[in-house]
Amino acid sequence: MAVHSITVKQILSRIRQVFPDVPETYVMNLINDALVEAGMYNSKVVHAKMSTAANQMWYDLKDAAKDSSNNVLEVNKIFRVYFMDNDGDYILIPRLIDKDLLLTDVSSESALQAPDSR
Amino acid sequence: MASNIKYPENSCRWFIDGDSFCLITNVDSSGGANTTARKNWKAIQEAVTDGILLYYYAEPNNVSALSDVPDIDNSLHLALVDYVKKCLYMDKAGKSGDPNVSTVSSNMSMAHKQKWDEAIKRFGMKKRDKTGGMRAILPPDLT
C-alpha cells in the first residue's frame, strides 16, 4: 500500500486548471519558496551529529554548515541537544534561556583577529 | 570516542545566538572540575568526535524536476497548491487593468493565503501530530 503524494507535475496540472499559461519554471520556483516557508515550521524533523573542538565555544549553524560526516545540516530550529558522556552514551543537556550568562570565561575567543560572523 | 564528561546534564549547557550554536561546560578535558569563583563556564576543553547529537527542524529539499515529490509530509502537499495559487492570483491582481478583475483576484489570493496559513502555520503541527496513546508523567526520583 503506497501513501498518496503528489508530484510537481500534478501540482502544476492543478494550477493550470485556473492559470493555463503559467510557465512550469515559475511554478517550480514558487513551490520552492513555499518549501522554504514550510521549513520554518514543524514540517521536517532531522537529527545529526557534530564533533566538538577543544576550546571552541561557538559552532556554525548557517545554511552551509556541515555535520561531522560533512553532510549539510540545513538547520532551521534546534529543539533538543544531547552530549556524549564518558560511556559513549548520549545524554540530554539543558538549554540556557539567558545568553548573557555571568561568570563565563570566553578566553576561547582570544584567537579572534577579525570580525567573524560565525 | 567517548568524552571525559561523566554527567553532561550537569556539566554542559547550550544556547543559540543567531546562526551560532554555543556549547559551554564547567569541566576540563579530563572531566575534572574547572571552575573558579569568577569563571563558572568555559568552552569545552576536549575534541569529541560525534560528541553532539542535535534534533532540529530542517529545510526541506528543493524541487527541480516535474517528477519530484516535495520533501514534506504528504498531508501538506495540497497546501503547496494554495501557496502557488495565492502568488499567481496576486500577480494577476497586480497586472490587470480592470479593477473588478483585480479585486476578485486579490480576494482569491487572500482565500488561498488563509488556507496555506491554516495548513502550515496554524494547524500544521496539530493535524500531522503522530503522537497517540495514553499520556503518563514520569516525575524525577527525588529520593
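About the cut-offs
Residues numbered from 1 in each chain as written. Chains lettered and ligands numbered in written order. Predicted model: local features only at pLDDT ≥ 70, side-chain atom pairs only at ≥ 80, totals over all residues. Contact = placed C-beta atoms within 7 Å. Helix = DSSP H or I, 4+ residues; strand = E, 2+ residues; numbered from the N terminus. Pairing = 2+ DSSP bridges. Expected span 1.5 Å × (residues − 1). Buried ≥ 20, exposed ≤ 12 C-beta atoms within 10 Å, placed from the backbone. Arc of directions from axis to C-beta. Domains from an automatic or database assignment. Axes fitted to C-alpha atoms, helices over the stretch in contact; angles between N-to-C directions. Parallel < 35°, antiparallel > 145°, perpendicular 65-115°, else oblique. Left-handed = near helix turned anticlockwise from the far one by under 90°. Core = buried A, V, L, I, M, F, W, Y, C linked by C-beta atoms within 7 Å.

Enquirer: How should the interface of chain B and chain A be read in this particular structure?
Expert: Interfaces are frequently sized by the accessible area removed from exposure as the parts join. Taken together, the contact between chain B and chain A spans 69 residues of the former and 77 residues of the latter. If one sorts the elements of the side of chain B that touches chain A by residue count, helix H2 (residues 77-95) of chain B sits on top with eight residues. As paired strands, strand S3 (residues 75-84) of chain A and strand S4 (residues 52-58) of chain B are joined by seven bridges and run antiparallel to one another. Across the sheet, residue isoleucine 78 of chain A finds its bridge partner in S4 of chain B, namely tyrosine 56 of chain B.

Enquirer: Just to check I follow, could you spell out helix H2 (residues 24-38) of chain A for this structure?
Expert: Because each turn of an α-helix spans 3.6 residues, side chains separated by three or four positions end up pointing in the same direction. The terminal C-alpha atoms of H2 of chain A, which comprises 15 residues, lie 21 Å apart, in line with the 21 Å expected from a rise of 1.5 Å per residue. Those residues of H2 of chain A that fall on the buried side of the exposure criterion are Val27, Met28, Leu30, Ile31, Ala34, Leu35 and Ala38 of chain A. Looking down the long axis of H2 of chain A, one finds its buried residues gathered within 160° of arc, a one-sided arrangement. Buried positions along H2 of chain A lie against helix H1 (8-15) of chain A together with H2 and helix H3 (99-122) of chain B.

Enquirer: Would you explain the pairing of S3 of chain A in this entry?
Expert: On a regular strand, each side chain points to the face opposite its neighbour's, so the side chains alternate between the two faces of the sheet. Bridge count for S3 of chain A against strand S4 (residues 90-92) of chain A is three bridges, and the pairing is antiparallel. In the sheet register, tyrosine 82 of chain A faces S4 of chain A, and the bridge partner there is leucine 92 of chain A.

Enquirer: What should I look at first to understand the domain arrangement of chain A in this one?
Expert: Taken as a whole, chain A is organised into domain 1 (8-38) and domain 2 (47-97). For domain 1 of chain A and domain 2 of chain A, the distance between their C-alpha centres works out to 35 Å.

Enquirer: How do you make sense of unusual backbone geometry when you look at a structure like this?
Expert: Trans is the common state for peptide bonds, and a negative phi is the common state for residues other than glycine. Residue and element names in this part refer to chain A. Backbone geometry at asparagine 55 places phi at a positive 65°, although glycine is not the residue there. Mapped onto the fold, asparagine 55 is located in the loop between strand S1 (45-50) and strand S2 (58-60). The phi dihedral of asparagine 70 falls on the positive side, at around 70°, and the residue is not glycine. Along the chain, asparagine 70 turns up in the loop between S2 and S3. Residue class for asparagine 70 comes out exposed when judged on the 6 C-beta atoms lying within 10 Å of it.

Enquirer: I keep staring at the sheet that holds S4 of chain B and nothing clicks. Help me out?
Expert: In a beta sheet, neighbouring strands pair by backbone hydrogen bonds and run either parallel or antiparallel. With antiparallel pairing, four strands are arranged side by side in an open sheet as S1(A)-S4(B)-S3(A)-S4(A). At either margin of the open sheet sits one strand with a lone partner, and together these are S1 and S4 of chain A. For this sheet, the mean angle separating the axes of adjacent strands, direction not counted, is 35°.

Enquirer: Could you clarify how one ought to interpret the packing of H2 of chain A against H2 of chain B in this entry?
Expert: When two helices pack together, their arrangement is given by the angle between their axes and by how far apart the axes lie. Orientation of H2 of chain A relative to H2 of chain B, taken along the N-to-C sense of each, is 120°, at an axis distance of 9 Å. Between H2 of chain A and H2 of chain B, the angle is such that the two are oblique. Two packed elements cross with a definite hand, and for H2 of chain A against H2 of chain B that hand is right-handed. Where H2 of chain A approaches H2 of chain B, its residues Val27, Leu30, Ile31 and Ala34 of chain A are matched on the opposing element by Leu80, Tyr83, Val84 and Cys87 of chain B.

Enquirer: Would you take a moment to explain the domain arrangement of chain B for this structure?
Expert: Domain annotation of chain B identifies domain 1 (8-43) and domain 2 (74-128). Taking only C-alpha atoms, the centre of domain 1 of chain B and the centre of domain 2 of chain B are 47 Å apart.

Enquirer: Just to check I follow, could you spell out the nonpolar core for this structure?
Expert: What tends to happen in soluble globular proteins is that the nonpolar side chains get buried as a cluster. Counting residues in each nonpolar core, the largest one holds 28 residues, and the members touching the most others are Phe83 and Ile93 of chain A together with Leu23, Ile24, Ile52 and Leu54 of chain B. Those elements that provide at least two residues to this core are S1 and S3 of chain A together with strand S2 (20-25) and S4 of chain B. Membership of the second largest hydrophobic core comes to 25 residues, among which are Val8 of chain A together with Val63, Trp116 and Ala119 of chain B.

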